Amino acid sequence: MPTAKLCCFAFVVMSAQLCLVNQAAAVSAPLFEQPTQAMQSTTLRIAADTNAERSDLVDYPVYRDEALEARLDAVIEVGFYPPDQQEFHQILAMIDDSTPIDTYIRAQSYRAYELVMRDGDYAAAHELIRHMKQRVDGSGALEANLEALMTETQIHLQGNELPAAMAKITRIGELSQQVRDPRLAFFANHLIARVLQQNSQYEEALEYFLRAYQVIDRTRDELTDRRRVFVNLNIARLQAELRNDQAALDMADNTIEIAKHSQLHARLADLYLLKGFIEGREGPNEQALASYYQAIAWAEEVVDNRVRLLGRNNAGSILLQMGRFEEARDILQQGLALSESLGRDQDTDIMLFNLAYIDVLEGQYDTGLEQMEAATERYRNYARQAEVADWLEYLALGYERAGRFQEQAQTLLEQRQLREDIFRAERDRVVSALQLRFDTEEQSRQIELLSQRSKLQQEQLANQRLHQRSVILVAVIVVLVVVLIVLVLFFYYRAARRTNVKLEEDNEELLDKSIRDPLTGLLNRRSLHEEMTSHTRLPGEKDALFLIDIDFFKKINDQQGHAAGDEVLTTLASRLRRVCRDTDLVVRWGGEEFLIVLRHTDLEALTNFSKRLLDAVGADPITFAGQPINVTATAGFITLPLEGLSEDSLGWERALQIADLLLYYGKSHGRNQVNGITGLHELLDADLERALFNDISKAIDQNWVNAVHVDGPERH
């Protein structure tokens, strides 16, 4: 029924602004819990019960200002950065180069989160992290080193830079086993779990959530219950995301009891919101509605504006599905007043859209649709294409309810066009492409059926008028109706045959697209994995992996449009194929990244190939719409096997991680260049291995590796 679809639509749209809505409620969560209270000594000799299960740790120096640590403990509460900005910035004003490094790095970490979460200034945050790492290097401060590394990883995760975050979690896990501070151990395991969850490694993520739980069990302070509530909430969300609804409900109910017993009310609104989502997953019911009302009540008590809005929206959607329009209108109007008072324009439009849909359901077609159309137009100004496409679906339902089938068909056509645009942006994700193709074809069939249905209704009305004029024409009308039905069935049969033929052709096309990138015609990730898995080299043969990234590609898209960006990608794909042999692999790795696998190459030839590669990309501009576009690229490469290591020690996937670090090394040293390594100068030890996978610049600067550097053509 339309109201059920509207409910889901409201949840998805709200998630873009408010982070947590029905389905998103199962997966979205604040990333940090309040840190531990300050330690009571300046050496790391913790109370015996804190690490009763850890006998393998050794004493090491820590560098803390206990007074400042206590103030940070008091001000951080439960979020990313202290909500009391005045107090926090007073603490920051007391931090300088003379501050002990553990306390210095902790305070600056909160400042980095503030820059990203409050100001959206990623560049300033990364610059601050670079300064923090300079302070940590060579200091011997283990805890400060871990804190800085986790901060950098969290900023990567917040900025959707998942590969960069994944590359650091192994080192985080190693360092977390050496620290004694439960705050850092808790944070490390929780952060690793979130990165793994983002990478769809749910089983491993759950394991690290449970490790965070074990850290909690070793503490006996005022933060123990708060951390337990926090981890339980995240585990319940993970279970809900995996559709383990009963386990998620049990965890949510138990955590609610713990929170109430311990007077920890800050998380109750989120817990009841999650509970309502799970209870309402199979359809609207009073139990889910009651949970949403509880979420609203607790949100009001702790002044959680996010859940105050979400609870009202979700409750309103449940009431819509139940057909209780007046109650739905009342609670959505409360949400509208709240969003307007908070100045949240996007949420205001969502509430207005849902209220207007109630008007349509109650027969107020003109005014309701007018308001839905106005809200949709405003929403286009700040929403993503996928979100606008969702809005159009429910606007089309409103047109259908009002009998305005032509406008419904036009809206569905626009929605189809939007989803085709989304498909172009995500063409390297084969599963998404298949799903989008199915949705588009399904909408086309719906539009065709709508057109036939409209024609049939018009014919039926004409036949009814003829019937009313004369009983004598009854027989003629019956004949006409029969003939019409036969014709409709005949044309429907022919359309079905054409559709089946088209589907067979599309299936063949999709089979090819499953191994090739639709835009450039290059191989995709799936085909690369199959090639690398099945390929074998003879003794003495070497391959080389080149990972290539177009410089400033986002600027091309932003300034000259996505059509220009597509022209750059297709032209560079052709140029890369020309500099490679038929036996080499040229792959669209994703976005503006390409991957080349040189088969059976000589080490001496790699420098020349790097020069040809950079010249092919940047020597001549690319012409689009009569205008030249100057393009350069940065690349990192590694030989396989790497001189000094067996392939068993360094497979192609781990080698690709090093190539990725070499690429970003080139980005940070001016772009328009190739950097690579062909072998090791030293025997592999722990320091060299860490440098290879975490700090390639150190490996190059220390001359631990045989490095190759080639500059590209001069920029125009």
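See the structure above.
Residues numbered from 1 in each chain as written. Predicted model: local features only at pLDDT ≥ 70, side-chain atom pairs only at ≥ 80, totals over all residues. Heavy atoms only, no water.

K.L.:
Go over empty space enclosed by the protein with me, naming the residues and quoting the values.
P.N.:
Enumeration according to the criterion identifies two cavities of 30 Å³ or more in this entry. What lines the second largest cavity is simply Arg64, Glu69, Asp102, Arg106, Glu143, Ala144, Glu147, Arg183 and Leu184. Every element with two or more residues in the lining of the second largest cavity is listed here: helix H4 (101-117), helix H6 (142-158) and helix H8 (182-198). The greatest single-element share of the lining of the second largest cavity, amounting to three residues, is contributed by H6. (1 Å grid on protein atoms, 1.4 Å probe; cavity = no way out; pocket = protein on both sides within 12 Å on 5 of 7 lines; lining within 4 Å. Points joined across faces, edges and corners; volume = space filled by probe spheres on them. Helix = DSSP H or I, 4+ residues; strand = E, 2+ residues; numbered from the N terminus.)

K.L.:
Could you give me a rundown of unusual backbone geometry, with the residues and numbers involved?
P.N.:
One can expect most non-glycine residues to show negative phi and most peptide bonds to be in trans. With an omega of 0°, the peptide bond between Leu640 and Pro641 qualifies as cis. Mapped onto the elements, Pro641 comes out in strand E6 (residues 633-643). Its identity is not glycine, yet Val303 carries a phi of approximately 55°, on the positive side. With respect to the element layout, Val303 can be found in the loop between helix H13 (286-302) and helix H14 (305-322). In this structure, Asn672 takes a positive phi of about 55° despite not being glycine.

K.L.:
Tell me about the sheet that holds strand E2 (residues 585-590), residues and numbers included.
P.N.:
Here six strands make up an open sheet; going across it, the order is E2-E3-E1-E6-E7-E8 and the pairing mixed. In this open sheet, the two edge strands, each paired with only one partner strand, are E2 and strand E8 (705-711). Here the strands of the sheet are splayed against their neighbours by 20° on average, with no regard to which way each runs. Note that E2 and strand E3 (residues 593-598) share five bridges and pair antiparallel. Looking at E3, one finds that Arg588 is bridged to Phe594. (Pairing = 2+ DSSP bridges. Axes fitted to C-alpha atoms, helices over the stretch in contact; angles between N-to-C directions.)

K.L.:
Any chance you could break down the pairing of E6 for me, citing the residues and the numbers?
P.N.:
Across the 11 residues of E6, 10 count as buried, placing the element largely inside the fold. Bridging between strand E1 (residues 543-550) and E6 involves eight bridges; their strand directions are antiparallel. Across the sheet, the residue bridging to Leu545 is Ile638, located in E6. By the bridge criterion, five bridges tie E6 to strand E7 (residues 673-680) in an arrangement that is parallel. Along E7, the bridge assignment pairs Ile638 with Ile677. Read from E6 through helix H26 (residues 652-668) to E7, the crossover connection turns out left-handed. (Buried < 20%, exposed > 50% of the residue type's maximum accessible area, 1.4 Å probe, protein only. Right-handed = clockwise from strand over helix to strand, strands pointing away.)

K.L.:
I'd like a description of the side chain of Asn672, backed by residues and values.
P.N.:
In this fold, Asn672 is placed in the loop between H26 and E7. Residue classification places Asn672 among the buried positions, given a relative accessible area of 5%. From its side chain, Asn672 meets the backbone oxygen of Pro713 in a polar contact 2.8 Å long. For Asn672, the residues in contact, after removing those within four places along its chain, are Asp551, Leu614, Thr632, Ala633, Thr634, Asp711, Gly712, Pro713 and Arg715. (Polar contact = N/O pair within 3.5 Å; in protein donor to acceptor, adjacent residues only side chain to side chain. Contact = heavy atoms within 4.5 Å.)

K.L.:
Outline the packing of aromatic side chains, supporting the account with residue identities and numerical values.
P.N.:
One pass over the structure, following the stated rule, counts five aromatic pairs. Where Tyr379 meets Trp391, the ring centres are 4.2 Å apart and the plane angle is 20°; that geometry is what we call stacked. On the criterion of sequence distance, the pair formed by Tyr379 in helix H17 (residues 365-380) and Trp391 in helix H18 (residues 385-402) is long-range, its members being 12 residues apart. The ring of Tyr104 carries the charged tip of Arg135 above its face, separated from the ring centre by 4.3 Å. (Phe/Tyr/Trp six-rings, centres within 6.5 Å; stacked < 30°, edge-to-face > 60°. Lys NZ or Arg CZ within 6 Å of the ring centre and 35° of its normal.)

K.L.:
Break down the nonpolar core for me, with residues and values.
P.N.:
Counting 59 residues, the largest nonpolar core has Leu268, Leu274, Ile278 and Met372 as the members making the most contacts within it. No other element matches helix H16 (residues 345-361), which puts nine residues into this core. With near-sequence residues (within four places) excluded, Met372 lies in contact with Phe353, Ala356, Tyr357, Val360, Tyr394 and Leu395. Core analysis: the next-biggest nonpolar cluster, separate from the first, contains 57 residues, Ile101, Ile105, Met150 and Leu157 among them. (Core = buried A, V, L, I, M, F, W, Y, C linked by side-chain atoms within 4.5 Å.)

K.L.:
Any details on the packing of H4 against helix H5 (residues 122-136)? Residues and values, ideally.
P.N.:
Packing of H4 against H5 brings their axes to within 8 Å, and their N-to-C directions diverge by 170°. Overall, the two elements H4 and H5 adopt an arrangement that is roughly antiparallel. Contacts from Ile101, Tyr104, Ile105, Gln108, Ser109, Arg111, Ala112, Leu115 and Val116 of H4 reach H5 at Tyr122, Ala124, Ala125, Leu128, His131, Met132, Arg135 and Val136. In terms of residue class, the contact of H4 with H5 is made up of 12 nonpolar, three polar and two charged. (Parallel < 35°, antiparallel > 145°, perpendicular 65-115°, else oblique. Nonpolar A, V, L, I, M, F, W, Y, C, P; charged D, E, K, R; others polar.)

K.L.:
Give me the environment of Glu593: which residues, what numbers.
P.N.:
Tracing the sequence through the fold places Glu593 in strand E3. Under the relative-accessibility criterion, Glu593 is labelled buried at 13%. Here Glu593 is in contact with Ile548, Asp549, Val587, Arg588, Asp660 and Tyr664, once residues within four sequence places are set aside.

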